[in-house]
Amino acid sequence: MRLNLLLLFLAFTINSYAQSFAEDSLKNRKSVTEQAREMAAAFLNHDYKTFIDYTHPRIIELIGNVDDMISKLQSDSAFTNSILSVSFGKPSNIIANGDLFQCTLPETTEILVDKGRLVNESTLVAISYDGGIHWYFIEAAGKTLSELRNFIPEISDQLVIPTQHKPVLYKKRRNKN
């Protein structure tokens, strides 16, 4: 009888832990997507201060500082003004190591070009140092996991960076007048 009670208690404890973990994972995956959307909206609205809040500190460091990055973004206005939309797919499972959380997030960017619209699908690496409260994003386009880890060593070797495909051009329709 005691063994049955013990087994029942263990099963309940394990089930509660698994359910709690699943709920936390879902909450964190929603948080990643929400913060990625906030970052994209800031970029599209030229709110570069907010955009930089989501930029990994190592990237800012490579450019110089926050002011240098804002200047760079402002000077690239021809490019930044050509971006029509940015959307995100479903994040990968979150890899947790203490308060260090990581995942990947599919990103689709639509860009206006002379010949029409260019649609580019890429991957962002999302990384949180505070257990998923705040996320930073790193564009993984054209980079291998090894290259990203050389740049930011704490990136997990368990992340999967999909191969990037070439952008797709949707040509303008010509008027038949």
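The model shown is predicted, which means the values in this text are computed figures rather than measured ones.

The final tally for this structure, using the stated rule, is three salt bridges. Residues Glu61 and Arg58 are paired through a salt bridge, measuring 2.9 Å at the closest nitrogen-oxygen approach. Of the two residues, Glu61 and Arg58 both sit in helix H3 (residues 57-63), three residues apart, roughly one turn of that helix. Its salt-bridge partner being Arg117, residue Glu110 comes within 2.5 Å of it at the nearest N-O pair. With a relative accessible area of 18%, Glu110 lands in the buried category.

Time to look at the packing of aromatic side chains. In total, this model carries four aromatic pairs according to the counting rule given. Each member of the aromatic cluster is reached from another via a ring pair, and the members are Phe43, Tyr48 and Phe51.

Among the structural elements, Gly89 can be located in the loop between strand E1 (83-88) and strand E2 (95-97). A relative accessible area of 29% places Gly89 in the partly exposed class. Sequence spacing of Gly89 and Glu107 is 18 residues, and the spatial spacing of their C-alpha atoms is 6.3 Å. With residues up to four places along the chain from it excluded, the contact list for Gly89 reads Thr33, Leu105 and Pro106.

This next bit is on the pairing of strand E4 (residues 116-128). Counting buried residues in E4 gives ten out of 13 residues, a clear majority hidden from the surface. As paired elements, strand E3 (residues 100-113) and E4 share 13 bridges and run antiparallel to each other. Within E4, the residue paired with Glu107 across the bridge is Ser122. What sits between E3 and E4 in their antiparallel hairpin is a turn of two residues. Of the pairings in the sheet, the one linking E4 to strand E6 (residues 168-171) comprises four bridges and is antiparallel in character. Directly across from Gly116, in E6, lies its bridge partner Lys171.

Here we take up the side chain of Asn120. Following the sequence through the fold, Asn120 ends up in strand E4. In this structure the side chain of Asn120 is engaged in a polar contact, spanning 3.1 Å, whose partner is the side chain of Gln164. Not counting the four nearest positions on each side in its chain, Asn120 is found in contact with Glu107, Thr108, Thr109, Gln164, His165 and Pro167.

About the criteria used
Residues numbered from 1 in each chain as written. Predicted model: local features only at pLDDT ≥ 70, side-chain atom pairs only at ≥ 80, totals over all residues. Heavy atoms only, no water. Salt bridge = Lys/Arg side-chain N within 4 Å of Asp/Glu carboxyl O. Helix = DSSP H or I, 4+ residues; strand = E, 2+ residues; numbered from the N terminus. Buried < 20%, exposed > 50% of the residue type's maximum accessible area, 1.4 Å probe, protein only. Phe/Tyr/Trp six-rings, centres within 6.5 Å; stacked < 30°, edge-to-face > 60°. Contact = heavy atoms within 4.5 Å. Pairing = 2+ DSSP bridges. Polar contact = N/O pair within 3.5 Å; in protein donor to acceptor, adjacent residues only side chain to side chain.

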